[in-house]
Amino acid sequence: IEVKIPFDLNILNIANYKREMRKNVKVFYVSLGCDKNLVDSEKMLGMLHEAHYELTDNEYEADVIIVNTCAFIGDAKEESINNIIEMGKLKETGKCKKLIVTGCLAQRYKEEIKKELPEVDMVFGMSDYKPDMIKAKRIVTTGGHYAHLKIAEGCDKYCTYCIIPMLRGHYRSYPMEDLVKEAEALVEDGVKELVLVAQETTLYGVDLYGKKMLHELLRKLCRINGLRWIRIMYCYPEEIYDELIQVMKEEPKICHYLDIPIQHASDNILKRMNRKTNRAELTERIAKLREEIPDIALRTSLIAGFPGETEEDHEELMEFIDEIEFTRLGVFTYSAEEGTKAAEMEEQVPDEVKEERRDRLMELQQEISSDLSQSQIGKVMTVMIEGKVADENAYVGRTYMDAPNVDGYIFVNTDEELMSGDFCKVKVTGALEYDLIGELVK
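Overview of the structure. (Residues numbered from 1 in each chain as written. Predicted model: local features only at pLDDT ≥ 70, side-chain atom pairs only at ≥ 80, totals over all residues. Heavy atoms only, no water.)

### A short note on helix 2 (residues 35–50)
- When the terminal C-alpha atoms of helix 2 are compared, their 23 Å separation across 16 residues agrees well with the 22 Å that a helix rising 1.5 Å per residue should span.
- Just downstream of helix 2, His-52 is the residue with a positive phi angle, here 75°. (Helix = DSSP H or I, 4+ residues; strand = E, 2+ residues; numbered from the N terminus. Expected span 1.5 Å × (residues − 1).)

Quick look at the structure:
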């Protein structure tokens, strides 16, 4: 069957009757894990659609079910396995004839899945994806007004807690011309906000062009008519460079927002993590960003209970968070992943201690976030509408400070009719711990 999709369609047992393939084969798709995985899923959906399969949102009607899995941490693996088992039951209670597993879990545990989950018919890891997948037409599943643009694959950082280099391979930037074409197609289909993602966005271009080229990619994306916002995620702090800061200052379409996952602030733990910064460098880099872009919103993520983390290390992290006051912050408890150096380290922290430290960090951030939200009252902000609040004259939206699905919202009171993807001016009239309340400015 001559269709460009990232797996061999013989798995559907239809190689000998191509005409029947093009009708009455319904596919249900489950996408798990991060936004990078979601981009893969959307491209697979587009390929299936172009191959004339019928996509369905009803798993009981599906002839074929595909589960795109995640294996980043223990909870993600458990969720993936549970979904596979749940979908496998539909071979008895639904119409499902074939269950296909792909993604990170499939890449890492292909043989184990085949052995332990007999309901699975075929298993495909990322190494089975075709290299021209970057050029595939996508079916955007985020509502149509925003989409993620994955600009690179893999990672060369080798943090001691992370399995991504083992799953996704070395860092590989996608060609700039392909990314611009993909972005243009997304905007033509109605996308107004592009969220740039990769395992590490700030290194974009070093492998293809011999130097960091994220700033040049951003300038080209800013020239796309109809695009309103560009948001940058997953910037390693040590790789943030002057040209990137300058383009953020100069181009109004680029949100004054950066996601810089620091993971910790104790030099002891940062070294054990094989991170490339220390506390002093983190403080200096954040200070520079705020000096150059005073209204910048900074998001970060932390790991609580890393092997060898003492109470003193944790208190140092608490002090740093209290001092820096990140706009947005998330905390994960450390998950020991087999095959990583951290999993073999001595001084593993008990689960109850990890959870207690995570909770203390989140309680501190809750206070910081509440104060920051209160400081927004009275300001007029540009808001992208996400949807309507049921049975109320109010809408849910996001400001430039809020990335989709990970940050807060602003609830907009108005009698006017708005649509998802609309941009409007909103005066902030109230604040919650993580969200804002406002009124439409006419």
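Having seen it, we continue.
### Structural notes on the sheet that holds strand 15 (residues 394–398)
- Pairing is mixed in the closed barrel, where five strands are placed in the order 14-15-16-18-17. The average undirected angle you get between the axes of adjacent strands in this sheet is 50°. (Pairing = 2+ DSSP bridges. Axes fitted to C-alpha atoms, helices over the stretch in contact; angles between N-to-C directions.)

### A closer look at the pattern of salt bridges
- Counted by the stated rule, this structure contains 38 salt bridges.
- In this structure, Asp-121 and Lys-91 form a salt bridge, with 2.7 Å as the shortest nitrogen-oxygen distance. Placement of the pair is Asp-121 in the loop between helix 6 (110–116) and strand 5 (122–124) and Lys-91 in helix 4 (residues 90–93), with a sequence separation of 30 residues.
- Classification of Asp-121 as partly exposed rests on a relative accessible area of 29%.
- For Lys-91, a relative accessible area of 29% translates into the label partly exposed.
- Notably, a salt bridge pairs Asp-189 with Lys-137, separated by 3.1 Å at the nearest N-O pair. In this pair, Asp-189 sits in the loop between helix 8 (176–188) and strand 9 (193–197) while Lys-137 sits in the loop between strand 5 and strand 6 (146–150), placing the two residues 52 residues apart along the sequence.
- One connected set of salt bridges, linked through shared partners, spans Glu-309, Glu-311, Glu-315, Glu-356, Arg-357 and Arg-360. (Salt bridge = Lys/Arg side-chain N within 4 Å of Asp/Glu carboxyl O. Buried < 20%, exposed > 50% of the residue type's maximum accessible area, 1.4 Å probe, protein only.)

### Some remarks on the sheet that holds strand 11 (residues 254–259)
- Taking strand neighbours across the sheet as the criterion, the six strands line up as 6-9-10-11-12-13 in an open arrangement whose pairing is parallel. The open sheet has two edge strands with one neighbour each: strand 6 and strand 13 (328–333). Averaged over all pairs of adjacent strands, the angle between strand axes in this sheet comes to 20°, irrespective of strand direction.
- Looking at chain direction, strand 12 (residues 297–304) and strand 13 are connected through six bridges and run parallel. When the sheet's bridge partners are listed, Ala-304 is paired in strand 13 with Thr-333.
- Docked against the sheet, helix 15 (residues 351–374) engages strand 12 and strand 13, running at close to 175° with respect to strand 13. (Contact = heavy atoms within 4.5 Å.)

### A short note on the nonpolar core
- Counting 60 residues, the largest nonpolar core has Ile-151, Leu-196, Leu-214, Leu-217, Leu-258, Ile-321 and Phe-326 as the members making the most contacts within it.
- Here this core takes six residues from helix 8, the largest share from any one element.
- Leu-196 has contacts with Leu-149, Ile-151, Thr-201, Leu-214, Leu-217, Leu-218, Leu-221, Ile-230, Arg-231, Ile-232 and Met-233, leaving out every residue within four places of it along the chain.
- Within the second largest apolar cluster, 26 residues are counted, among which are Trp-229, Ala-297, Val-412 and Cys-424. (Core = buried A, V, L, I, M, F, W, Y, C linked by side-chain atoms within 4.5 Å.)

### Remarks on a negative patch on the surface
- Taken together, the side chains of Glu-319, Asp-322, Glu-325, Glu-363, Glu-367 and Asp-371 present a region of like negative charge at the surface.
- Counting only elements with at least two residues in the negative patch, the list comes to helix 14 (311–324) and helix 15.
- Ranked by the residues each element gives to the negative patch, the list is headed by helix 15, at three residues.
- Positionally, Asp-371 belongs in helix 15.
- Taking relative accessible area as the criterion, Asp-371 reaches 55% and is therefore assigned exposed. (Patch = residues over 30% accessible without salt bridge, like charges linked within 9 Å, V, L, I, M, F, W, Y side chains within 5 Å. Areas by Shrake-Rupley, 256 points an atom, 1.4 Å probe, with all protein chains shown as cover. Lys, Arg positive; Asp, Glu negative; His and termini not counted. Charge placed at Lys NZ, Arg CZ, Asp CG, Glu CD.)

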